[in-house]
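Next come the chains, spelled out residue by residue.
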Amino acid sequence: MKKNLVLTGMMGVGKSTIGEMLSKKLGLEFVDVDKIIEKKEKNTINDIFKNKGEKYFRKIEKKITLEILKKNNQVIALGGGAFTNDAIRKEVKNSSVSFWLDTSLKYLLSRLRNVKKRPLLNANNLELTINRIYLERKKIYNQAHFKIKCNSISKKEIVNKISTLYENSGNKI
């Protein structure tokens, strides 16, 4: 039985893409928390925020994420804000090997410029919004077991780096 491998970081950094690649490489189940929430709520994250508010979303996110973390042998892509929740962060740190996928704000800005489905992004001033969210969260993301700088390396290199660190951790973290 292996500990979960958890990916955290800003929206748009590539947690879902990298997570799927890692699950194939490591032979573990892939779980995208945002997709599970959408399935259970029968609604998009954007519509949940719009119709029921961020407070409701965070409550559901916490409940579902903590349920997911009870299982093992998974690669889990957290939502961008999930790791900021104390209970989620504590459980991730105790039961999983966590990786902060970090990248430059310039890269995030280019990836998120035309995205309409991110409820926390203020399209009027995208750069300011991304900067604010990043500054609020970076100290918390930094509590992950490992930080992976994703700026100038390929997806394959990111996957190789994470899988090596995960395997070498011996699931002892």
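Look a little higher up for the structure.
Quantities reported herein were computed from a predicted structural model and do not represent experimental measurements. (Residues numbered from 1 in each chain as written. Predicted model: local features only at pLDDT ≥ 70, side-chain atom pairs only at ≥ 80, totals over all residues. Heavy atoms only, no water.)

> How do you make sense of the overall build of the protein when you look at a structure like this?
A count of helical and extended segments in the protein gives seven helices and five strands. Written out in order from the N terminus, the α and β elements of the protein read β-α-β-α-α-β-α-β-α-α-β-α. Buried positions account for 44% of the 173 residues belonging to the protein. Contacts spanning at least 24 positions in sequence make up 74% of the contacts within the protein whose residues lie at least 6 apart. (Helix = DSSP H or I, 4+ residues; strand = E, 2+ residues; numbered from the N terminus. Buried < 20%, exposed > 50% of the residue type's maximum accessible area, 1.4 Å probe, protein only. Contact = heavy atoms within 4.5 Å.)

> Can you walk me through unusual backbone geometry in this structure?
In most cases, non-glycine residues show a negative phi, while peptide bonds are predominantly trans. Positioned with a positive phi, Lys42 is a non-glycine residue whose angle comes to about 50 degrees. Its location among the elements puts Lys42 in the loop between helix 2 (33–41) and helix 3 (45–69).

> How do you make sense of the nonpolar core when you look at a structure like this?
In globular proteins that are soluble, nonpolar side chains generally tend to be buried together. One finds Leu5, Leu22, Leu101 and Ile162 to be the most contacted residues of the largest nonpolar core, which totals 45 residues. Broken down by element, the residue count for this core peaks at eight residues, all from helix 3. Leave out the neighbours within four places in its chain, and Leu101 touches Leu7, Thr8, Gly9, Met10, Val13, Gly14, Lys15, Ile18, Ile148, Cys150, Ile158 and Ile162. (Core = buried A, V, L, I, M, F, W, Y, C linked by side-chain atoms within 4.5 Å.)

> What am I meant to see in the packing of aromatic side chains here?
Centre distance and the angle of the planes are the two values used to describe a pair of aromatic rings. A complete count under the given rule lists three aromatic pairs for this structure. Relative to Tyr141, the ring of Trp100 lies with its centre 5.7 Å away and its plane at 40 degrees, an arrangement referred to as tilted. Of the two residues, Trp100 is situated in strand 4 (residues 96–102) and Tyr141 in helix 6 (residues 126–141); the sequence distance between them amounts to 41 residues. In this structure Tyr141 comes out as buried when scored by relative accessible area, which is 0%. (Phe/Tyr/Trp six-rings, centres within 6.5 Å; stacked < 30°, edge-to-face > 60°.)

> Would you mind showing me how to read the pairing of strand 3 (residues 74–77) here?
Two faces make up the sheet, and in a regular strand the side chains alternate between them. Side chains of strand 3 alternate between two faces, with Gln74 and Ile76 and Val75 and Ala77 buried alike. For strand 1 (residues 4–8) and strand 3, the ladder comprises three bridges, and the chain directions are parallel. Looking across to strand 3, one finds that Leu5 is bridged to Val75. For strand 2 (residues 29–32) and strand 3, the ladder comprises four bridges, and the chain directions are parallel. Looking at the pairing, Glu29 lines up with Gln74 of strand 3. (Pairing = 2+ DSSP bridges.)

> It is not clear to me how the sheet that holds strand 4 should be interpreted in this structure. Could you clarify?
The pairing of strands in a sheet comes from backbone hydrogen bonds and takes either a parallel or an antiparallel form. With respect to topology, five strands assemble into an open sheet ordered 2-3-1-4-5, the strand pairing being parallel. Of all the strands in the sheet, just strand 2 and strand 5 (146–149) have a single pairing partner and so form its edges. Put simply, the sheet's adjacent strands are angled 20 degrees from each other on average, direction ignored. Of the pairings in the sheet, the one linking strand 1 to strand 4 comprises five bridges and is parallel in character. Among the inter-strand pairings, Val6 is bridged to a residue of strand 4, identified as Ser98. Where helix 4 (residues 86–95) meets the sheet, its contacts fall on strand 1 and strand 4, and the angle it forms with strand 4 comes to roughly 115 degrees. Each of strand 1, strand 4 and strand 5 touches helix 7 (residues 155–168); the most contacted strand, strand 4, lies at about 155 degrees to it. (Axes fitted to C-alpha atoms, helices over the stretch in contact; angles between N-to-C directions.)

> Whenever I open this one, the pattern of salt bridges confuses me. Can you help?
When their charged atoms lie close together, side chains carrying opposite charge are able to pair. Scanning all chains against the criterion turns up 11 salt bridges. Asp47 is paired through a salt bridge with Lys50; the nearest N and O atoms lie 3.9 Å apart. On the criterion of helical spacing, the pair formed by Asp47 and Lys50 is a turn pair, its members being three residues apart in helix 3. For Asp47, a relative accessible area of 26% puts it in the partly exposed group. A salt bridge links Arg89 to Asp86; the shortest N-O distance between them is 2.5 Å. Separated by three residues within a single helix, Arg89 and Asp86 lie in helix 4, roughly one turn from each other. Residues joined in a network through salt bridges with shared partners are Lys40, Lys63 and Glu67. (Salt bridge = Lys/Arg side-chain N within 4 Å of Asp/Glu carboxyl O.)

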